[in-house]
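Here is what each chain is made of, one letter per residue.
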Amino acid sequence: MKAKYLALLAAPLFSTAVFASSYTGPGATSQITTVAAALEASDDAPVVLQGQIVRRIKGDIYEFKDATGTMKVEIDDEDWPPMSIDDKATVRLTGEVDRDLMGREVDVEFVERVN
C-alpha cells in the first residue's frame, strides 16, 4: 500500500523534468546544430545535426558530414529508421556530444531521413 502512494508522489517529479527540458528562455542551454559547434561542445551537450552519413567506419561508428565539417557519430542498430539511407540522403541526427580522451563524437538517439 505504501509503495502505491510513493509512486503517486514521485510521478509529478518526473513529469516536471520533462517540461524543464523543453524550456528555451534565458538560462537555457542551446542545442548545437553544426558539426563545427559539436566539435567544440562540452560533454552531454544536446545536438541536432542535419547532413549526410558518408561512410561506416567500424561497427556502429559512422562518419557524418554537414556544411561545417565531418565528425564521428555512434548509431546503435535500434536507432535506425526502417527505410534505407545511403551517403546521398540528408538525415537529421538527434543525440548528445560524447567527449573522451580521443576527441568528440555524437551518441545518436534518433535518426530521421529528411529527403
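Per chain, residue numbering runs from 1 following the sequence as it is written. Only residues with pLDDT of 70 or above have their local features reported here, since the model is predicted, and side-chain atom pairs are shown and tallied only from 80 upward, although totals for entire chains, interfaces and linings are computed over all residues. To get the side-chain values, take all heavy atoms of the structure and skip hydrogens and water.

By the naming in an unreviewed UniProt entry, the protein chain goes by Protein ygiW and is assigned to Metapseudomonas furukawaii.

A. Region of interest: the overall build of the protein chain. Secondary structure follows DSSP: runs of H or I at least 4 residues long count as helices, runs of E at least 2 residues long count as strands, and numbering of each begins at the N terminus. Of the regular secondary structure elements, the protein chain holds two helices and five strands. Put simply, the protein chain runs from its N terminus to its C terminus through helices and strands in the order α-α-β-β-β-β-β. Three exposure classes are used, based on accessible area relative to the maximum for each residue type with a 1.4 Å probe and protein chains only: buried under 20%, partly exposed in between, and exposed over 50%. Counting all 115 residues of the protein chain, 28% fall into the buried class. The contact criterion used is simple: two residues touch if any of their non-hydrogen atoms lie within 4.5 Å. Look at the contacts in the protein chain between residues 6 or more apart in sequence, and 53% of them connect residues 24 or more apart.

B. Structural view of the side chain of Gln 52. Note on placement: Gln 52 falls in strand β1 (residues 46-58). Pairs of N or O atoms are called polar contacts if they sit within 3.5 Å, as long as, within protein, a hydrogen donor faces a hydrogen acceptor (for residues adjacent in sequence, only side-chain-to-side-chain pairs). There is a polar contact of 3.2 Å between the side chain of Gln 52 and the side chain of Thr 90. Excluding anything up to four places from it in sequence, Gln 52 contacts Glu 63, Phe 64, Lys 65, Asp 87, Lys 88, Ala 89 and Thr 90.

C. Spatial organisation of the pairing of strand β5 (residues 103-113). Strand pairing requires that DSSP identify at least two bridges connecting the strands. Judged from the four bridges that link them, strand β3 (residues 69-75) and β5 form a sheet pairing that is parallel. Bridge pairing links Ile 75 to Val 108 in β5. For strand β4 (residues 91-100) and β5, the ladder comprises ten bridges, and the chain directions are antiparallel. Its bridge partner being in β5, Asp 98 is matched across the sheet by Glu 105. Linking two consecutive strands that pair antiparallel, namely β4 and β5, is a turn of two residues.

D. Focus on the pattern of salt bridges. Only one rule defines a salt bridge in this text: a Lys or Arg side-chain nitrogen within 4 Å of an Asp or Glu carboxyl oxygen. Under the definition given, this model contains three salt bridges. A salt bridge links Glu 63 to Arg 55; the shortest N-O distance between them is 2.6 Å. With its nearest N and O atoms 3.1 Å apart, the salt bridge here joins Glu 112 to Arg 92. With Glu 112 in strand β5 and Arg 92 in strand β4, this residue pair connects regions lying 20 residues apart in the sequence. Given a relative accessible area of 33%, Glu 112 falls into the partly exposed group. Classification of Arg 92 as partly exposed rests on a relative accessible area of 27%.

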